[in-house]
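Single-letter residue listing:
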Amino acid sequence: MLRVPLGNGGQISGATSPLLTIQDACDPNTGSYDALVGSGPIVEPSRPVRLDIGTATGVELELARPRSLSIELAGPSPFTSQTAFRLVAPHAERGPIAIYDVSRARIRTLADRVEASTGIVTWDGRTSAGTRAPAGIYFLRVAAGAMHGTCRVVLLN
């Protein structure tokens, strides 16, 4: 087993601190390392640390730690009975998740809080009164604190 002292430089920072960062790690970085431990002028190698690189994509990383609100249509559109929207939020916040028509009238509130995660919000094409909304263009709008977003969908009868 190859053991390499891990120190600061290049794509590595924080080797002598509690937070180790390896920028743009890739398969050639896989291996066993000795992290340097200590403070001041005395630094010693640690016990071996194994670094394995997974196959995460940028999308998976963004979903794991979103920085802003993201709304996208999960489908279908146009729809006749039910559609879904995917929401990704960096933190929880009170505020409506609601459906609006083209005249900006609120048709139905689907939730009163955005959760800090990735989730699906569905709409069955009904109004707050429980009646079927007329065919047309509608918008899912989120207005929770500093998080705002809109996504368009088409309802057919």
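Right above here is the structure, for reference.
Residues numbered from 1 in each chain as written. Predicted model: local features only at pLDDT ≥ 70, side-chain atom pairs only at ≥ 80, totals over all residues. Heavy atoms only, no water.

Another point: the overall build of the protein chain. Of the regular secondary structure elements, the protein chain holds 1 helix and 12 strands. Counted from the first residue to the last, the protein chain has its helices and strands arranged as β-β-β-β-β-α-β-β-β-β-β-β-β. Scored against the burial criterion, the 157 residues of the protein chain give a buried share of 28%. For the protein chain, long-range pairs separated by at least 24 residues make up 46% of all intrachain contacts whose partners lie at least 6 apart in sequence. For the protein chain, the accessible surface area stands at approximately 9,900 Å², while carbon and sulfur atoms represent 54% of it. (Helix = DSSP H or I, 4+ residues; strand = E, 2+ residues; numbered from the N terminus. Buried < 20%, exposed > 50% of the residue type's maximum accessible area, 1.4 Å probe, protein only. Contact = heavy atoms within 4.5 Å. Areas by Shrake-Rupley, 256 points an atom, 1.4 Å probe, with all protein chains shown as cover.)

Attention shifts here to the pattern of salt bridges. Pairing between side chains of opposite charge can happen when the charged atoms of each approach one another. If you walk through the whole model with that rule in mind, you get 4 salt bridges. Measuring nitrogen to oxygen at the nearest pair gives 2.5 Å for the salt bridge that ties aspartate 124 to arginine 108. Linking aspartate 124 in the loop between β10 (118-123) and β11 (136-144) with arginine 108 in strand β9 (residues 106-114), this pair joins segments that are 16 residues apart in sequence. (Salt bridge = Lys/Arg side-chain N within 4 Å of Asp/Glu carboxyl O.)

Pairing is antiparallel in the open sheet, where 3 strands are placed in the order β6-β7-β10. Looking at which strands have only one partner, the edges of the open sheet turn out to be β6 (70-75) and β10. Pairs of neighbouring strands in the sheet enclose a mean axial angle of 25 degrees, with direction left out of account. Both strand β7 (residues 83-88) and β10 contribute to a ladder of 6 bridges, which runs antiparallel. Opposite alanine 84, over in β10, you have threonine 122 as the bridge partner. (Pairing = 2+ DSSP bridges. Axes fitted to C-alpha atoms, helices over the stretch in contact; angles between N-to-C directions.)

A few words on the nonpolar core. Ranked by size, the top nonpolar core spans 21 residues in total, and within it Leu87, Trp123, Tyr138 and Val142 carry the most contacts. Those elements that place two or more of their residues in this core are β7, β8 (93-101), β9, β10, β11 and β12 (147-155). Filtering out sequence-adjacent residues up to four positions away, tryptophan 123 remains in contact with Phe79, Ser81, Gln82, Thr83, Ile99, Ile107, Arg108, Leu110, Ala133, Tyr138, Val153 and Leu155. (Core = buried A, V, L, I, M, F, W, Y, C linked by side-chain atoms within 4.5 Å.)

This paragraph deals with the sheet that holds β9. Spatially, β9-β8-β11-β12 is the arrangement adopted by the 4 strands of the open sheet, whose pairing is antiparallel. Each edge of the open sheet is held by one strand with a lone partner, namely β9 and β12. If you compare each strand with its neighbour and ignore which way they point, the axes differ by 15 degrees on average. Bridging between β8 and β11 involves 5 bridges; their strand directions are antiparallel. Bridge pairing in β11 places tyrosine 100 opposite phenylalanine 139.

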